[in-house]
Amino acid sequence: QVQLVESGGGLAQAGGSLRLSCAASGRTFSSYTMGWFRRAPGKDREFVAAFIDITWSGESTYYVDSVKGRFTISRDNANNTVYLQMNSLKPEDTAHYYCAVVPQVLSRGLWGSPSMYPYWGQGTQVTVSS
């Protein structure tokens, strides 16, 4: 079993920054895909970014077009934590943000499919004021 706990959400002004954390505990995986998703009021869950760890091969990161250049996903192995640094925030970034993980390397077309991720955190709220 895997437990994911998000933190770091809050209120920010447009143009500001927040850093979300996703701390993982429980099982460890040799290779995995970790995704960040968000759900705004009245909207479907949306893929934001993915971090893919491939044992012995390295890592890759991917972003939805709307956050490219503004958001950065990174990992701290020592603390089993994945971060989502969010800069130049916009009011349309307001949403509940979730991290999720799957113990496999997902192919390009599946990064954004919530159904591929069996483990989810409870999420953290991000509100951006204009």
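Please refer to the structure placed before this passage.
Computed from a predicted model, the values in this text were never measured in an experiment.

In this structure, the largest pocket occupies an estimated 300 Å³ of space. Every residue lining the largest pocket is counted, 18 residues in all, and those nearest its centre are A24, T28, F29, Y32 and N80. No other element matches strand β3 (residues 18-26), which puts four residues into the lining of the largest pocket. Among the residues making up the lining of the largest pocket, the classes are represented as eight nonpolar, six polar and four charged.

What follows deals with the pattern of salt bridges. Scanning the entire structure with this criterion turns up six salt bridges. In this structure, R75 and E59 form a salt bridge, with 2.9 Å as the shortest nitrogen-oxygen distance. Separated by 16 residues along the polypeptide, R75 in strand β7 (residues 71-76) and E59 in strand β6 (residues 58-63) bring together distant segments of the chain. Residue classification places R75 among the partly exposed residues on the basis of a relative accessible area of 24%. Notably, a salt bridge pairs R70 with D93, separated by 2.7 Å at the nearest N-O pair. Placement of the pair is R70 in the loop between β6 and β7 and D93 in the loop between β8 (81-86) and β9 (95-102), with a sequence separation of 23 residues. Classification of D93 as buried rests on a relative accessible area of 1%.

Turning our attention to the nonpolar core. If you look at soluble globular proteins, the nonpolar side chains tend to sit buried side by side. With 29 residues, the main nonpolar core has W36, L84, M86 and Y97 as its most contacted residues. For this core, the elements supplying multiple residues, two or more each, are β1 (2-7), β3, β4 (32-39), β5 (46-54), β7, β8, β9 and β11 (124-129). Looking at this core element by element, the count peaks at four residues for β9. Every residue in contact with L84, bar those within four places of it in the chain, is listed here: L18, R19, L20, W36, V48, A49, F71, T72, I73 and Y97. The next biggest cluster of nonpolar side chains, apart from the first, holds nine residues, and it includes I52, L106, W111 and Y117.

Procedures and definitions
Residues numbered from 1 in each chain as written. Predicted model: local features only at pLDDT ≥ 70, side-chain atom pairs only at ≥ 80, totals over all residues. Heavy atoms only, no water. 1 Å grid on protein atoms, 1.4 Å probe; cavity = no way out; pocket = protein on both sides within 12 Å on 5 of 7 lines; lining within 4 Å. Points joined across faces, edges and corners; volume = space filled by probe spheres on them. Helix = DSSP H or I, 4+ residues; strand = E, 2+ residues; numbered from the N terminus. Nonpolar A, V, L, I, M, F, W, Y, C, P; charged D, E, K, R; others polar. Salt bridge = Lys/Arg side-chain N within 4 Å of Asp/Glu carboxyl O. Buried < 20%, exposed > 50% of the residue type's maximum accessible area, 1.4 Å probe, protein only. Core = buried A, V, L, I, M, F, W, Y, C linked by side-chain atoms within 4.5 Å. Contact = heavy atoms within 4.5 Å.

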